[in-house]
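Close look at the chain arrangement
What follows is each chain in one-letter form.
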Protein chains: 2
Amino acid sequence: MTYDFTAINNIKIEAGLLNSEALSTLDMGSGAALLYPEDMPECWVESVSSRINPLVSVRLPPRDACKTLSIYSHVVETLAAAGIQRSGAVIGLGGGAVTDLAGFVAATYLRGVRFYAFPTTLLGMVDAAIGGKTALNLAAGKNLLGTFSPATAVWCDPKALDTLPRPVLREGAAEAYKHGLIARPDLLDPILRGELENANTRTSLIQAAMSVKLSIVERDPTEQGERAFLNFGHTLAHALEAHTDGQLPHGEAVAYGMHWAAHLSKRLGKTDPTKTDLTMYTRAFLEWQQPTMLHGLCFDQLLDFMKKDKKNSGLSGIRFVLLEKLGRPYLQAIEKDLLEREWLLYREELIEIGLYSE
Amino acid sequence: MTYDFTAINNIKIEAGLLNSEALSTLDMGSGAALLYPEDMPECWVESVSSRINPLVSVRLPPRDACKTLSIYSHVVETLAAAGIQRSGAVIGLGGGAVTDLAGFVAATYLRGVRFYAFPTTLLGMVDAAIGGKTALNLAAGKNLLGTFSPATAVWCDPKALDTLPRPVLREGAAEAYKHGLIARPDLLDPILRGELENANTRTSLIQAAMSVKLSIVERDPTEQGERAFLNFGHTLAHALEAHTDGQLPHGEAVAYGMHWAAHLSKRLGKTDPTKTDLTMYTRAFLEWQQPTMLHGLCFDQLLDFMKKDKKNSGLSGIRFVLLEKLGRPYLQAIEKDLLEREWLLYREELIEIGLYSE
């Protein structure tokens, strides 16, 4: 389950990549549009702009505030006014939200132009920018619009992580940890030891986490089967994001969601009782990540949001990705009654570790 | 250059098809959304609804008023609220605008659901609903958003044409005539003889016109080459539509655009002077179609709109599809000066046949 980075040339990870002359070798055709979030450090925008010379740059609201139809509309009208052509390109420089939006723009503007993803967050590198999913949110839920459109190239520069606030870095670690849980248990300890925060160790660790996703996506690009395992922790995560009106960052929501899925895995009893309790791993991650505290959640509301998850295709109960053991995911529909009983225990534990209050 | 309709089962044309039990054999998965324009006769909506049992129906503003991002937003939020799932379907019942929008919705909602096109206009049958292009308009121009996403199935019922006002039928005839001009000159006379308006002759004539497009699209689905020939007449057509703020119907704009392209073809001199002047054919069509009269056009404004056409990828001049002779299209970039000189002659002729006033 490792991905051969040398075999493909469209995904690169290398310190200094976004500040190198290599950028000017990327084919921007008749001219590019550069999309980036307003909280992106100016030096990164400058570094990329000076080598790509975009025809137009569009500054976006931060995080998921850019993944709306109204921002999409603003962006595509701006591209049209700037004369970006079918033979041109769209570049997304920033976190997962920006690359999700930029990918959707590139997939739909003039029925598709080149798309370059330059993820600058850990979450973008190990998850959002790779694998070909593009997305916008609707009022009804996250990522309800999108396409499967692989980027022309994804270039990651781990130096970009130096400018991230620590909570944002640890937020993104959730997706790397998730890849460890579903396929590479050897990644879990290094992440908790802080190797993603260390310039000497992070590149190979990020690469290993990316390789889990890339291998799965290569076998199942349009989520007919195993790609769904990448949604481990995401059913509750999306519900928490909706319930908090997007206030809870995605990677923190995933950390809570993974712990919830571990709880359900344990309850459903496929887990070998002689092995270490799976919830120990997900709890250790929560304690390490220190996400924003949850409060005043209404289970029925969460349930409604979980039902809306786009993976719930005509099932009775709600479908979750669970773990038989570390590295062994499976899908399971679970009925409301069991979810409600487990929720009380889960909430109890969060209160105990100081992550929940009424 | 004929398409074998028996070899594929996803495109059907048959009188009575949308009023038959065959409809209930289409796989709607976990449930469908039916999109149709408000000017669709109630009996057609009823006929389809009663056999498909959609989970939700969305009534749309007529013609291109439905191809906006704001209507798209309304539709996808409605689908999400109604619980249309990834395993569900979207049906577009109506003219080309509705199938363009419905196709875009189906291609992007939950990253893609089944899409059924039931075109009820001539323009929809011979052009918009077949070939896999979906589209929305932007303020900056027509069809600037979209995807290449073939429909799961396209079902045409020529009986739907009985309810169309005559000008709408003759409008749609422009695309059939265009297919004749670029590839099947034998279709031209039957169209001018009114065979598209006759229940006994229309089905085979529509099928022949569809086959021109389907053959081209089969060889070049994403418009890397010859598919561009299908845009014969469309460069000026899109500019006229923009200039008149969408007031000029598409098929009428195409009729004017074909005549303009014939003028340019003649001027560029590839046309064999010993053969019949190409402008005779396109003028005969204008006289038969009797489109809305043009007035007060500003050439510089038209030029600006023509430059924005998405086929103009980094060329000097504006790219047109021209005809060497009947059935022999080619691409040619033309400089502004020549366009301006020819415009005066073209306008002169329109005034002469009563189709232009200042």
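Residues numbered from 1 in each chain as written. Chains lettered and ligands numbered in written order. Predicted model: local features only at pLDDT ≥ 70, side-chain atom pairs only at ≥ 80, totals over all residues. Heavy atoms only, no water.

**Overview of the overall build of chain A**
Scanning chain A for helices and strands turns up 12 helices and 12 strands. For chain A, whose C-alpha radius of gyration is 20 Å, the value lies close to the compact-globule estimate of 21 Å for 358 residues. Referenced to the eigenvectors of the C-alpha coordinate spread, the extents of chain A come out at roughly 60 × 40 × 35 Å. For chain A, buried positions account for 60% of its 358 residues. Excluding contacts between residues fewer than 6 apart, the proportion of contacts in chain A whose partners are at least 24 apart in sequence is 74%. Put simply, chain A shows about 13,400 Å² of open surface, and 49% of that area lies on carbon and sulfur atoms. Positive and negative side-chain charges in chain A, numbering 35 and 42 respectively, have mean positions lying 4 Å apart. (Helix = DSSP H or I, 4+ residues; strand = E, 2+ residues; numbered from the N terminus. Rg over C-alpha atoms; globule rule 2.2 N^0.38 Å. Buried < 20%, exposed > 50% of the residue type's maximum accessible area, 1.4 Å probe, protein only. Contact = heavy atoms within 4.5 Å. Areas by Shrake-Rupley, 256 points an atom, 1.4 Å probe, with all protein chains shown as cover. Lys, Arg positive; Asp, Glu negative; His and termini not counted. Charge placed at Lys NZ, Arg CZ, Asp CG, Glu CD.)

**Some words on the nonpolar core**
Judged by nonpolar contacts, the single largest core of 212 residues is most densely connected at Tyr72 of chain A together with Tyr72 of chain B. Setting aside anything within four residues of it in sequence, one finds Tyr72 of chain B in contact with Leu69, Phe104 and Leu145 of chain A together with Leu101, Phe104, Val105, Thr108 and Leu136 of chain B. (Core = buried A, V, L, I, M, F, W, Y, C linked by side-chain atoms within 4.5 Å.)

**Regarding the pattern of salt bridges**
Residue and element names in this part refer to chain A. Across all of its chains, the model carries 46 salt bridges over all chains by this definition. In this structure, Arg328 engages Glu324 in a salt bridge whose closest nitrogen and oxygen atoms are separated by 3.9 Å. Judged by relative accessible area, which is 28%, Glu324 ranks as partly exposed. Connected via shared salt-bridge partners are Arg283, Glu287, Glu349 and Glu352. (Salt bridge = Lys/Arg side-chain N within 4 Å of Asp/Glu carboxyl O.)

**A word on the sheet that holds strand E3 (residues 56–60) of chain B**
Residue and element names in this part refer to chain B. Read across the sheet, six strands follow the order E1-E8-E5-E4-E2-E3 without closing on themselves; strand pairing throughout is parallel. Across the chains shown, the open sheet's two edge strands, defined by having one partner strand only, are strand E1 (11–13) and E3. Averaged over all adjacent pairs, the angle separating strand axes in this sheet is 15°, with direction ignored. Alignment of strand E5 (residues 114–119) against strand E8 (residues 153–156), held across two bridges, turns out to be parallel. When the bridges of E8 are listed, Ala117 appears paired with Val154. On top of the sheet, helix H1 (residues 42–52) reaches strand E2 (32–37), E3, strand E4 (89–94) and E5; it is set at about 175° to E2, its chief contact. (Pairing = 2+ DSSP bridges. Axes fitted to C-alpha atoms, helices over the stretch in contact; angles between N-to-C directions.)

**Looking at the packing of aromatic side chains**
Each aromatic ring pair is characterised by the separation of its centres together with the angle its planes make. Taken as a whole, this structure holds 16 aromatic pairs over all chains when the rule is applied. Pairing Phe299 of chain B with Trp343 of chain B gives two aromatic rings, centres 5.8 Å apart and planes at 40°, and the pair type is tilted. Taken together, the residues Phe299 of chain B in helix H11 (residues 299–308) and Trp343 of chain B in helix H12 (residues 336–352) connect sequence positions 44 residues apart. With respect to burial, Phe299 of chain B and Trp343 of chain B carry one shared label: buried. In this arrangement the basic side chain of Arg111 of chain A is found over the ring face of Phe148 of chain B, its NZ or CZ atom lying 6.0 Å from the centre. (Phe/Tyr/Trp six-rings, centres within 6.5 Å; stacked < 30°, edge-to-face > 60°. Lys NZ or Arg CZ within 6 Å of the ring centre and 35° of its normal.)

**Remarks on helix H12 (residues 336–352) of chain A**
All names here are of chain A. Here H12 contains 17 residues, and its C-alpha end-to-end distance of 24 Å stays within 8% of the 24 Å for a straight helix at 1.5 Å per residue. Inspection of H12 places Leu339, Glu342, Trp343, Tyr346, Glu349 and Leu350 among the buried residues, and these make up the whole buried set. Looking one or two residues past H12, Gly354 carries a phi angle of roughly 75°, positive in sign. (Expected span 1.5 Å × (residues − 1).)

**Here we look at the confidence of the model for chain A**
A low pLDDT score tells you not to read the predicted coordinates there in detail. Overall, the prediction assigns chain A a mean pLDDT of 93, with 94% of residues at 70 or greater. Interface confidence in the predicted complex, given as ipTM, is 0.91; pTM for the same model is 0.92. (pLDDT = per-residue confidence, 0-100.)

**Quick look at the sheet that holds strand E2 (residues 32–37) of chain A**
Residue and element names in this part refer to chain A. One open sheet accounts for six strands, arranged E1-E8-E5-E4-E2-E3; its pairing is parallel. Either end of the sheet is taken by a strand with one partner, and the two such strands are strand E1 (11–13) and strand E3 (56–60). Each strand of the sheet is rotated relative to its neighbour by a mean of 15°, with strand direction disregarded. Across four bridges, the pairing between E2 and strand E4 (residues 89–94) is parallel. Within the sheet, the bridge partner assigned to Ala33 lies in E4 and is Val90. Against the sheet, helix H2 (residues 69–81) engages E2, E3 and E4, with an angle of about 170° to E3.

**Examining the relation of the copies chain B and chain A**
What connects the two chain copies is a rotation about an axis and a shift along it. Of the transformation placing chain B onto chain A, the axial shift is 0.0 Å and the rotation is 180°, giving an RMSD of 0.0 Å. The transformation relating the two chain copies, once decomposed into turn and shift, fits a two-fold axis. Of every C-alpha in chain B, the one belonging to Leu69 of chain B sits nearest the axis of rotation, 3.9 Å from it. (Least-squares fit on C-alpha atoms with pLDDT ≥ 70 in both.)

**Observations concerning the interface of chain B and chain A**
In this complex, chain B contributes 33 residues to the contact, which on the side of chain A involves 33 residues. Linking chain B with chain A are two salt bridges. Note that Arg86 of chain A is salt-bridged to Glu223 of chain B, the shortest N-O span being 3.7 Å. Our enumeration of links across chain B and chain A arrives at 10 residue pairs in polar contact (both at pLDDT 80 or more). Sorting the residues of the side of chain B that touches chain A by element identifies helix H2 (69–82), helix H3 (96–108) and strand E7 (141–145) of chain B as the ones contributing at least two each. Per element, the largest residue contribution to the side of chain B that touches chain A is six residues, and it comes from H2 of chain B. When the residues that make up the side of chain B that touches chain A are grouped by side-chain class, the tally is 15 nonpolar, 11 polar and seven charged. (Polar contact = N/O pair within 3.5 Å; in protein donor to acceptor, adjacent residues only side chain to side chain. Nonpolar A, V, L, I, M, F, W, Y, C, P; charged D, E, K, R; others polar.)

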